[in-house]
Amino acid sequence: MMKLIFAQTDLIKGEIMASLFLVGIICFGGLIAGLLSGIGIAAVLLLAAVLLCRGFHELLGQNVSGGDSILMQTLPVALPKMMLSRIIVCGLWTSVILTEIVMFAAILGRYEPYYDLVVIQHMTLWLMTRGLSQGEAALAMGLLPVWFFILGWFVSSGILALQMRWGEAFEKRRCGSILTVLSMVLMIAAAFGVLYAVDRFSGMCPWSFGCYLAAEILMAGLGWILQRQGSHGN
């Protein structure tokens, strides 16, 4: 599986490196964040999002239902295993990018020495305002990259399932990338819908952390179902 993951990563290494570089620029430190204009920051983040979408389309669109799909079918690797490796790559990539962006957003407009510790303190306090105890907030901060991975897993699994279902029809009209974009928007909206509903419910629940944990487990399970449908589709 590790060899497959590295092979899939190699297909989009350009997009991965470029997106990490772009987000890394604005995450380098509070001083740089303070010097960048709002428009410049928005442009960099938009470009990073475009690169993320391109990478997702390369792995889950072009190589699934596009011109490269025939070549992929000739490889001596079971389709479910190959698709699982692609979903894992997308999840890992999403986790790294979103973790960087959260760190940047937390320090935007501020420059303080040892800002990494300031970020942890600020986000921990914010989580405590959502009903989490100090220990639960600290645990949630530690699990943040894992939760972002689950989000990427959920979104990419939905893209794969929809590409398997309608990708060929979109590719015939030379607009397969549009299906990837629409799928990504739909899945992100679904993820935020689940989290919003859980956030509202957590206010009435004595254990808020358990509500958020349940939401992540639900998205991971739905992602697994979608991934299995996509892997065995077509």
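Higher on the page you've got the structure.
The structure presented is a predicted model; accordingly, all values stated were derived computationally and were not measured. Just so you know, the residues in each chain are numbered from 1, in the order the chain's sequence is written. This being a predicted model, a pLDDT of at least 70 is required before a residue's local features are given, and a value of 80 or more before pairs of side-chain atoms are given or counted; all residues contribute to the totals for chains, interfaces and linings. Note that water and hydrogens are dropped before the side-chain values are worked out from all heavy atoms of the structure.

Give a detailed account of a nonpolar patch on the surface, specifying residues and quantitative values.
Like charges are joined within 9 Å and nonpolar side chains (Val, Leu, Ile, Met, Phe, Trp, Tyr) within 5 Å, but only among residues with over 30% relative accessible area and no salt bridge; these make up the patches. Each accessible area is a Shrake-Rupley estimate made with a 1.4 Å probe; only the visible protein chains count as cover when residues are assessed. Put simply, a salt bridge is a Lys or Arg side-chain nitrogen that is within 4 Å of an Asp or Glu carboxyl oxygen. On the surface, a cluster of nonpolar side chains totalling about 360 Å² of accessible area is made up of L218, L222, W224 and I225. Here W224 lies in helix α11 (residues 208-231). To qualify as a helix, a DSSP run of H or I must reach at least 4 residues; to qualify as a strand, a run of E must reach at least 2; elements of each kind are numbered from the N terminus.

Give me helix α9 (residues 144-172): which residues, what numbers.
Between the first and last residue of a helix there are one fewer steps than residues, each counted as 1.5 Å, and that sum is the expected span. The end-to-end C-alpha separation of α9 is 40 Å, in line with the 42 Å expected for 29 residues at 1.5 Å each. The largest bend along α9 measures about 65° and falls at W166. Just past α9, the residue R174 takes up positive phi, approximately 55°. Bend angle per residue: angle between axes fitted to the 7 residues ending at that residue and the 7 residues starting there.

So, the layout of surface pockets: which residues are in play, and what are the values?
Cavity: a set of points on a 1 Å grid over the protein atoms alone where a 1.4 Å probe fits but cannot get out. Pocket: an open set with protein on both sides within 12 Å along at least five of seven lines, its lining residues, like those of a cavity, having an atom within 4 Å of a point. Grid points are joined across faces, edges and corners, and a volume is the space filled by probe spheres set on the points. Of the voids in this model, the largest pocket is the one considered here, and its volume is about 1,000 Å³. Along its surface, the largest pocket is lined by 36 residues, and L98, F148, L151, F192 and L195 are the ones closest to its centre. Elements that contribute at least two residues to the lining of the largest pocket include exactly α4 (38-65), α6 (79-107), α7 (115-129), α8 (134-142), α9, α10 (176-202) and α11. Sort the elements by how many residues they give to the lining of the largest pocket and α10 lands first, with nine residues. Polar here means any residue other than Ala, Val, Leu, Ile, Met, Phe, Trp, Tyr, Cys and Pro, which are nonpolar, and Asp, Glu, Lys and Arg, which are charged; Gly is therefore polar. In terms of residue class, the lining of the largest pocket is built from 31 nonpolar, two polar and three charged.

Just give me the short version of the side chain of S157, but keep the residues and values in it.
Looking at the secondary structure, you find S157 in helix α9. Only 3.1 Å separates the side chain of S157 from the backbone oxygen of G223, close enough to count as a polar contact. Ignoring any residue separated from it by four or fewer positions in sequence, one finds S157 in contact with I87, G223, L226 and Q227. For this analysis, a polar contact is any N or O atom pair within 3.5 Å, provided that within protein one partner can donate a hydrogen and the other can accept it, and provided that sequence-adjacent residues contribute only side-chain to side-chain pairs. What makes two residues a contact is simply this: any of their non-hydrogen atoms within 4.5 Å.

Kindly report on the side chain of T180, identifying the contributing residues and their values.
Looking at the element boundaries, T180 is found in helix α10. Reaching out from T180, the side chain makes a polar contact with the side chain of H57 at a distance of 2.7 Å. In this structure, T180 is in contact with C53, F56, H57, I159 and Q163, ignoring residues within four places of it in sequence.

By themselves these figures say nothing about function.
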